[in-house]
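Structural overview for review
The residues making up each chain are set out below.
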Amino acid sequence: MAIEAGDFKTGLTVMVDGDPWVVIDFMHVKPGKGAAILKTKMKNLKTGNTLERNFNASTKFEAANIEKRKASFSYSSDGTYYFMDSESYDTYELSEEQLDFKKYFILEGMEVMMVFFEGNVLDINLPDKVEVTLVECENAVKGDTATNALKNAVTETGLKVKVPMFIEEGERITVFTADGKYAGRA
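Residues numbered from 1 in each chain as written. Predicted model: local features only at pLDDT ≥ 70, side-chain atom pairs only at ≥ 80, totals over all residues. Heavy atoms only, no water.

Quick look at the layout of surface pockets
What counts here: Residues are said to line a cavity or pocket when one of their atoms sits within 4 Å of a point; the points come from a 1 Å grid over protein atoms alone, cavities being sets where a 1.4 Å probe fits but cannot get out and pockets being open sets with protein on both sides within 12 Å along at least five of seven lines. Grid points are joined across faces, edges and corners, and a volume is the space filled by probe spheres set on the points. Strands are runs of DSSP state E lasting at least 2 residues, helices are runs of H or I lasting at least 4, and numbering of each runs from the N terminus.
Considering only enclosed or pocket space, the largest pocket measures out at about 900 Å³ in volume. Forming the walls of the largest pocket are 31 residues, and the residues nearest its centre are V22, K43, K102, D123 and N125. Breaking the lining of the largest pocket down by element, the ones donating at least two residues are β3 (19-29), β4 (37-44), β7 (66-77), α1 (96-99) and β11 (120-125).

Here is the structure:
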């Protein structure tokens, strides 16, 4: 199925130069003269590289044949993360490099969506927010409450996050998986 660049939307997966790419962000630009162009930010699902590219709005792309399956996180060992398919009980491995920033949001038993291309695991999709426990937290500075003051904290997964002064070590908080920012108490 052919997809025109003008029909792009966030999360769409297309084939570009023989590799599957996912659209992270896009913007239609209509210069004073000439045809409209589409400025895109895309991520290569095979290599993990992010690239900004411009396309003519009428350029056609082939849809990438991406398959998604539910799996649960089992354990990690020596920089490798192991996931088990919820239906077939097959085990899949992803390296710490493949997961990159997502490794800070993976908890034991967590359900994720595995992303496959031509039978190979490329990535995982996480929920928008996850609950984590704080294992380290700076002490609040007395009297520093006139503004929205934040302090440094570390989660059980190793994520460094800024939290409000009233949050204490050992508390469960919710963080956004897109950027790792504090979302609220759990």
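There is more to say, and it comes next.
A look at the pattern of salt bridges
Just so we agree on the cut-off: We define a salt bridge as a side-chain nitrogen of Lys or Arg found within 4 Å of a carboxyl oxygen belonging to Asp or Glu.
Summed over all chains, the structure comprises eleven salt bridges. When the shortest N-O distance is used, the salt bridge between K60 and E4 registers 3.1 Å. One end of the pair, K60, is in strand β6 (residues 60-63); the other, E4, is in strand β1 (residues 2-4), and 56 residues separate them in sequence. With its nearest N and O atoms 3.6 Å apart, the salt bridge here joins E131 to R172. Taken together, the positions of E131 in strand β12 (residues 129-137) and R172 in strand β15 (residues 172-176) put the pair 41 residues apart, joining distant regions of the chain.

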